[in-house]
Amino acid sequence: MKTKVVFHDQANEAVAALKGKSALIVHDPIMRELGFCDKIREKLAAAGFSTVTLQEVRPEPDVELVAGILYRCEQDDADTVIAIGGGAAIDTAKAVLYFSMQRGGAKRRPQFVAIPSTSGTGSEVTDFSVITVNGAKKVLIDDALAPDLAVLNADYLKSLPQPVIADSGMDALSHGIEAYVSCGASDYTDALAEKAVALVFKWLPVFYADPSNTQAREHMQNASCMAGMAFTNSNLGINHSLSHAVGARFHIPHGRAIALLMEQVIAYNGGICVRRDSSAAKKYQRLAERIGLPARTPREGTLQIIYAVQRLKKELGMPDRLSAIRGVTKEALGAAESELIGLALEDRCTPGNPVSPKAEELSVLLEKAYEGKFL
């Protein structure tokens, strides 16, 4: 682990203990509205920081946004970068660091602090960043992108609307499941992934039903962080690769795109439709056992995880097929299919998938996701 994680009681004091002179705060607009940015500024001022520049980010951050923030960071000679918000804010700050190092603009790498306001991306502990370039999502991976400090404060999750809770929670679930069956999985990542998946299945419905539930918020924040620790050390798979492509093309929030393709990917990896001796199916069986699902055989374990995902999505009021998404018609999907498959095959998450996919197989997965079927 490259990132120090502080949470709950320690979280309120972590920012006040920072050392430095100038900080750039990258944040979601809602973080300013809720007063969290002002609280951070007060703590920084008390810690001796002389200047703080605030920069709002938008969903689906692109290179133009990153370039603007990079300019401000270098102009102010910031020695600290603090990201407050969801995955967009943290990924934007990571991209600023990445491109600063690439072009040699920074005299040194600023210390990097991530304060997540959602429970899904796990970006506060990963060396991944997703940025939109010419309408397509690109994955940046670099050791230097991992924050130095992650501050988990469940109070920041109080204002999340239910659709964001559902979308981000399904993203965290996918991180855990994909990390568990990834080619790079190990005993260490398995332990983190198992716990993260179990927490999501138990606490996401509770958090969704009652965002004021402090226990649910804390457990989901922990689940998201642990899933992030797992996948940054093992990689992900084609659930993310396809979702990056489909989400960018049809403007679907990332977590929702993930959920719309999850059953199809699990069935594909587990050999449900095409019988094969699948190592992934054995891992799904073990995961099902760990979370208390029937799993007498690899096939049963795989199917039980799929059924559990379907039940969870129903509890969260999420769509169960791509055709339910506005703008995703059969004609539109067909016209985009070749490009979507090409992007997915080139995605940096694809090498982590336990089964090496072929273009025609991804085509079938998209068709099944459109219809809401996995068999």
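The rules behind these values
- Residues numbered from 1 in each chain as written.
- Predicted model: local features only at pLDDT ≥ 70, side-chain atom pairs only at ≥ 80, totals over all residues.
- Heavy atoms only, no water.
- Pairing = 2+ DSSP bridges.
- Helix = DSSP H or I, 4+ residues; strand = E, 2+ residues; numbered from the N terminus.
- Axes fitted to C-alpha atoms, helices over the stretch in contact; angles between N-to-C directions.
- Contact = heavy atoms within 4.5 Å.
- Disulfide = S-S within 2.5 Å.
- Buried < 20%, exposed > 50% of the residue type's maximum accessible area, 1.4 Å probe, protein only.

*Asks:* What is the right way to look at the sheet that holds strand 4 (residues 80-85) in this model?
*Replies:* In any sheet, the strands associate via hydrogen bonds between backbone groups, in a parallel or an antiparallel arrangement. Pairing in this open sheet of six strands is parallel, and the strands run 1-8-5-4-2-3 from one edge to the other. Looking at the sheet topology across the chains shown, the edges are occupied by strand 1 (4-7) and strand 3 (51-56). Each strand of the sheet is rotated relative to its neighbour by a mean of 20°, with strand direction disregarded. Summarising the sheet, strand 4 and strand 5 (residues 111-116) pair through six bridges and their orientation is parallel. Residue pairing for strand 5: Ile-84 is matched across the bridge by Ile-115. Running over the sheet, helix 3 (residues 36-46) touches strand 2 (22-27), strand 3, strand 4 and strand 5 and is turned about 165° from strand 2. Helix 4 (residues 63-76) contacts strand 2, strand 3 and strand 4 of the sheet and is inclined by roughly 175° relative to strand 3.

*Asks:* Looking at this structure, how should I read unusual backbone geometry?
*Replies:* Phi is mostly negative for residues that are not glycine, and the peptide bonds are mostly trans. For Glu-60, which is not a glycine, the phi torsion comes out positive at approximately 55°. Within the secondary structure, Glu-60 is located in the loop between strand 3 and helix 4. Although it is not a glycine, His-251 adopts a positive phi angle of roughly 55°. Mapped onto the elements of the fold, His-251 is located in the loop between helix 9 (238-250) and helix 10 (254-269).

*Asks:* Could you clarify how one ought to interpret the state of the cysteines in this entry?
*Replies:* By definition, a disulfide links the sulfur atoms of two cysteines through a covalent bond. For the structure on display, the rule yields zero disulfides. Cys-37 takes part in no disulfide bond, and the closest cysteine sulfur, belonging to Cys-73, lies 16 Å away. The class for Cys-37 is buried, based on a relative accessible area of 1%. Cysteine Cys-273 shares no disulfide, and the gap to the nearest cysteine sulfur, in Cys-183, comes to 20 Å.

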